[in-house]
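Residue-level listing of the chains:
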Amino acid sequence: MATTLRGELKREGGAFDWEQEMAALHDRTQALDLYEFWSVGKAGEHEAVRDLARFDKAAPHIWKYRDILPCLEKAGELIDMNESERRSLIMCNPALKGLVATVTTMFAAYRINNPHEIAPAHRHSPNAIRFGLTGRTNFTGVEGEPITFGPGDLVLTPHDTWHNHGNEGEGGAVNLSVLDMPLVNVLNATYFESDYYEEDGRGRRIRKETQQDRFHPDYSRRTYGQGGLMPRSVSHDRGTGNASPMYVYRWEATRALLENLRDLEGSRYDGVAVEYVDPTTGRAPYATMTFFAQMLRPGETTLASRQNASLIYTVFEGRGHSIVGGRRFDWEPFDTFCVPGGEWVEHANEGAEEDAIFFVSSDEPALKALHFYNRHGRTGSGEEVLLETSRQF
């Protein structure tokens, strides 16, 4: 029978050279592509566990819109819609070593649409949104609802919904896209489809480039735009039924709510913040992502907070700075910066008379669904406190 005493392996009939035997075992496990889940002979008792937790982690970073816009405009000149259905620049986190992701679970991109161009209908498994930055004739048709949108409007394209993108007007238009594709990729669930068919009057399936309008252009606002009132005479089962049936959230209503909340105390960590929710459930519009409009009033600063959800901030109004993971980022309209999960962040509106407004994308719903979510903050005296958790103790 074998016994182990402080590195000396002994058994009946002789003694082993422990170091030699361990080296031979290590060679065998490496050849078989195995990870040795133990910490014998290592400095720390839990070193093997720490090794398992290591991965390429996103780092705080900022993308300056003034640097990116000339690239977008040049792409608009050089790339025709017939050559490529997409004309976007994805913000790739430099710490992720070539991974097409802004944070580990989401990517954000600036997209430019030239006048009078509509991309062919398509659908895909990743959830996506469009947030208008410039131009008032951005277009997205979602499941037969034709949506023309402008600055500050949020448009959903839930997974597996057929949609078209483009620009219905004369001037160029830029919008922000956010997708959960990095998360969907990890789950091996990404796919795209671009062959869209509709039935004609004789029941024949005809391939088409664009969708036929089946809803009023203002359907989302007319049906869901009165908070606290839920229509019972219409079906809310749109698309796959797994996302918000309200496909467009207009900026006027969002801005009005922020204004209504201006004189309330607000949050020491967020200023004034509102979440875009599924009007039929009150929950996040997607199971994987949620979105906020966050306002810092003139001169307002926040206390530092840290959460394990990852955040992408796009500046819609105002100028100021944020401290993310100890790094200062100075921002102005349409800049985008990321706060990877686990990083401390605090914000300051440097305008003496102007509001600063962020559009924020977060993977918070995914963490909450798995009961992993938590958020901590620092008080004015520097004490760390738990603000929120979905863990069950």
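Residues numbered from 1 in each chain as written. Predicted model: local features only at pLDDT ≥ 70, side-chain atom pairs only at ≥ 80, totals over all residues. Heavy atoms only, no water.

K.L.:
Could you give an account of the overall build of the protein, naming the residues involved and the relevant values?
P.N.:
Within the protein one finds 7 helices and 29 strands. Oriented by its inertia axes, the alpha-carbon framework of the protein measures out at about 90 × 60 × 50 Å. Considering the protein as a whole, with its 393 residues, one finds that 47% of them fall into the buried category. Contacts in the protein between residues at least 24 apart in sequence constitute 67% of all its contacts with a sequence separation of at least 6. Of the roughly 20,400 Å² of accessible surface on the protein, 51% is carried by carbon and sulfur atoms. The average position of the 42 basic charges and that of the 58 acidic charges among the side chains of the protein differ by 2 Å. (Helix = DSSP H or I, 4+ residues; strand = E, 2+ residues; numbered from the N terminus. Buried < 20%, exposed > 50% of the residue type's maximum accessible area, 1.4 Å probe, protein only. Contact = heavy atoms within 4.5 Å. Areas by Shrake-Rupley, 256 points an atom, 1.4 Å probe, with all protein chains shown as cover. Lys, Arg positive; Asp, Glu negative; His and termini not counted. Charge placed at Lys NZ, Arg CZ, Asp CG, Glu CD.)

K.L.:
Summarise the environment of Pro146; cite the residues concerned and give the values.
P.N.:
Here Pro146 is to be found in strand 11 (residues 145-149). Distance in space between the C-alpha atoms of Pro146 and Asn164 is 9.0 Å, their sequence separation being 18 residues. In this structure, Pro146 is in contact with Phe139, Thr140, Gly141, Asp213, Phe215, His216 and Pro217, ignoring residues within four places of it in sequence.

K.L.:
Could you give an account of the side chain of Gln294, with specific residues and numbers?
P.N.:
For Gln294, the location among the structural elements is in strand 20 (residues 290-296). The exposure class assigned to Gln294 is buried, which follows from its relative accessible area of 4%. Setting aside chain neighbours within four positions, we find Gln294 in contact with Asp270, Val272, Ala273, Tyr313, His347, Ala356, Ile357, Phe358 and Val360.

K.L.:
Help me get a handle on the pairing of strand 19 (residues 272-276), residues and values and all.
P.N.:
The side chains of a regular strand alternate, residue by residue, between the two faces of the sheet. Here strand 19 shows one buried face, formed by Val272, Val274 and Tyr276, and one open face, formed by Ala273 and Glu275. Relative to strand 20, strand 19 runs antiparallel, the two sharing 5 bridges. What sits directly across from Ala273, in strand 20, is Gln294. (Pairing = 2+ DSSP bridges.)

K.L.:
Please set out a nonpolar patch on the surface residue by residue, giving values where relevant.
P.N.:
On the surface, Tyr35, Phe37, Val49 and Leu52 cluster together into a nonpolar patch covering about 410 Å² of accessible area. If you trace the backbone, Phe37 turns up in the loop between helix 1 (18-31) and helix 2 (47-52). (Patch = residues over 30% accessible without salt bridge, like charges linked within 9 Å, V, L, I, M, F, W, Y side chains within 5 Å. Salt bridge = Lys/Arg side-chain N within 4 Å of Asp/Glu carboxyl O.)

K.L.:
Give me the sheet that holds strand 20: which residues, what numbers.
P.N.:
One open sheet holds the 6 strands; their spatial order is 4-25-22-27-20-19, and the pairing between them is antiparallel. A single partner strand is all that each edge strand has here, and the edge strands are strand 4 (61-63) and strand 19. Strand-to-strand twist of the sheet, defined as the mean angle between neighbouring strand axes without regard to direction, takes the value 25°. Examined bridge by bridge, strand 22 (residues 311-317) and strand 27 (residues 356-362) share 6 bridges and lie antiparallel to one another. Each bridged residue has a counterpart across the sheet, and for Ile312 the counterpart in strand 27 is Ser361. Set on the sheet, helix 6 (residues 251-260) makes contact with strand 19, strand 20, strand 22 and strand 27; between it and strand 19 the angle comes to about 145°. (Axes fitted to C-alpha atoms, helices over the stretch in contact; angles between N-to-C directions.)

K.L.:
Can you tell me about helix 6, naming the residues and giving the values?
P.N.:
All buried positions along helix 6 are accounted for by Trp251, Thr254, Arg255 and Leu258. Projection of helix 6 onto a plane perpendicular to its axis shows the buried side chains occupying an angular sector of 95°, all on one side. In helix 6, the exposed positions angled more than 90 degrees off the buried face are occupied by Glu252, Ala253 and Asn260. (Arc of directions from axis to C-beta.)

None of the figures reported here should be taken as evidence of function without further support.
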